[in-house]
Amino acid sequence: MGQVKSRHFLQLVLLSALWGASFLFIRIASPVLGPNVMAALRIGLATLTLIGIMRMAGESWPWRHWRELFGLGTLTVAVPFLLYSWAALHLPAGYSSLLNTMAVPFSVLAAAWMKEDTLSLRKWLGCLCGFAGVALIVQLGPVEPTPALLLAALGCVIASACYGVSTTWMKRATTRMSPLSIAAGIHAAALVLLLPGAAWSLPEARFTPGAVASVAVMGVVTSGLAYWLNLRVLAQVSPVAAMSSAFMIPLFGVAWGHMFLGEALGPGMLWGGALVLVATGLVTGFNPLRWLTALRPDKAR
């Protein structure tokens with residue numbers, strides 16, 4: 001338990017590519033469908049996907065943990081999905097993916113508060129680097145820092161904080177429930193929370209082919225299947241190792257946004273992104289070179 005093997009690393013890279021692409025799809029769908037409708041559709045499709053997998057696997061719903069699932073669903077699905085959907089009205093996909101990395105320092109701060117970790121000088125320095133990087137991204141990026149953009153960036157930081165503070169809680173949940181039942185439960189809970197807002201905004205939504213296709217990919221793949229895979233990895237490795245996928249998400253998010261949406265790459269965005277990545281390394285002690293050299297193929301059993 002806890003050792004990162006080759007298959008874990010490859011799964012984390014796959015998760016990074018999928019979640020990096022989700023910012024591209026959000027940027028396409030949210031302005032057309034509206035944040036409320038898009039988030040609810042994404043969560044609804046993810047819930048249906050996971051329910052189907054549960055039925056095939058013969059797993060039952062963890063009803064006695066419904067309070068915990070609603071709490072986790074609020075922090076890890078409902079609030080972040082809605083905030084990122086709203087931020088996509090004003091922020092390029094690359095911005096959002098870079099700001100998502102702030103989940104790492106928030107996770108370390110939450111782990112220290114929950115007595116799961118201690119805060120050292122290096123970690124405090126990492127948190128400062130992270131916030132400085134966010135400031136550079138917002139102030140010196142290729143997009144004018146209007147009040148709307150600043151609010152959207154703040155929304156992304158709050159969404160990242162939700163991911164970060166729930167990491168340790170989610171790890172503990174895997175000791176009481178299966179990864180599949182957790183993934184299905186938190187998405188079902190989030191759907192209940194977001195349905196009223198989606199129903200209110202539905203008349204204003206425009207269901208274009210591109211928006212529908214983007215939501216379908218996000219719901220089935222980057223939410224349903226990816227969350228299940230992430231929880232499976234989290235159950236087998238430490239929370240810090242599982243968070244390492246956040247280091248790679250901006251690489252994919254910025255690349256997809258630049259390749260498919262023509263988003264500009266300003267110097268502030270590049271330097272700010274570099275600071276955020278340095279921050280994640282400082283707060284977690286993650287050394288990619290040392291980690292890669294320690295990887296080895298799984299031994300035959």
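Above: the structure in question.
Peer 1: Hey, could you run me through the overall build of the protein chain in this one?
Peer 2: In terms of helices and strands, the protein chain carries 13 helices and zero strands. Counting helices and strands in the order they occur from the N terminus, the protein chain gives α-α-α-α-α-α-α-α-α-α-α-α-α. The buried share of the protein chain, reckoned over its 301 residues, is 53%. Here the analysis covers contacts within the protein chain between residues at least 6 apart in sequence; of these, 90% occur between residues at least 24 apart. A total accessible area of about 13500 Å² is found for the protein chain, and carbon and sulfur atoms account for 71% of it.

Peer 1: Before we go on, may I ask you to explain the pattern of salt bridges in this structure?
Peer 2: Pairs can form between side chains of opposite charge whenever their charged atoms are close. With the rule as written, the count across this model stands at one salt bridge. A salt bridge links Glu68 to Arg176; its shortest N-O distance comes to 2.4 Å. Of this pair, Glu68 sits in helix 3 (residues 66-87) while Arg176 sits in the loop between helix 7 (147-173) and helix 8 (179-201); the two residues are 108 residues apart in sequence, bridging distant segments of the chain.

Peer 1: Help me understand the packing of helix 8 against helix 9 (residues 209-234) in this model?
Peer 2: The packing of two helices is summarised by the inter-axis angle and the distance between the axes. Two elements in contact, helix 8 and helix 9, have axes separated by 8 Å at closest approach and are oriented at 135°. Here helix 8 lies oblique to helix 9, going by the angle between them. The crossing of helix 8 and helix 9 is right-handed. Facing Pro179, Leu180, Ile182, Ala183, Ile186 and His187 of helix 8, the residues of helix 9 in contact are Ser223, Tyr227, Trp228, Leu231 and Arg232. Partitioned by chemical class, the residues of the contact of helix 8 with helix 9 number eight nonpolar, two polar and one charged.

Peer 1: What exactly am I supposed to notice about the environment of Met102 here?
Peer 2: Structurally, Met102 is set in the loop between helix 4 (93-100) and helix 5 (103-113). On the accessibility criterion, Met102 (1% relative accessible area) is buried. When the C-alpha positions of Met102 and Ala161 are compared, they lie 7.0 Å apart, and in sequence the two are 59 residues distant.

Peer 1: Looking at this structure, how should I read a nonpolar patch on the surface?
Peer 2: Taken together, Trp86, Leu89, Leu151, Leu154 and Ile158 make up a surface patch of nonpolar side chains, about 430 Å² in accessible area. With three residues, helix 7 is the largest single contributor of residues to the nonpolar patch.

Peer 1: Got a minute to help me understand helix 9 in this structure?
Peer 2: Residues spaced three or four apart along an α-helix face the same direction, because each turn holds 3.6 residues. Taking 1.5 Å of rise per residue, the 26 residues of helix 9 would be expected to cover 38 Å, and the 35 Å separating its terminal C-alpha atoms lies within 8% of that figure. Taken as a whole, helix 9 carries its principal kink of about 35° at Met218.

Rules behind the numbers
Residues numbered from 1 in each chain as written. Predicted model: local features only at pLDDT ≥ 70, side-chain atom pairs only at ≥ 80, totals over all residues. Heavy atoms only, no water. Helix = DSSP H or I, 4+ residues; strand = E, 2+ residues; numbered from the N terminus. Buried < 20%, exposed > 50% of the residue type's maximum accessible area, 1.4 Å probe, protein only. Contact = heavy atoms within 4.5 Å. Areas by Shrake-Rupley, 256 points an atom, 1.4 Å probe, with all protein chains shown as cover. Salt bridge = Lys/Arg side-chain N within 4 Å of Asp/Glu carboxyl O. Axes fitted to C-alpha atoms, helices over the stretch in contact; angles between N-to-C directions. Parallel < 35°, antiparallel > 145°, perpendicular 65-115°, else oblique. Left-handed = near helix turned anticlockwise from the far one by under 90°. Nonpolar A, V, L, I, M, F, W, Y, C, P; charged D, E, K, R; others polar. Patch = residues over 30% accessible without salt bridge, like charges linked within 9 Å, V, L, I, M, F, W, Y side chains within 5 Å. Expected span 1.5 Å × (residues − 1). Bend = angle between axes of the 7 residues up to and from the residue.

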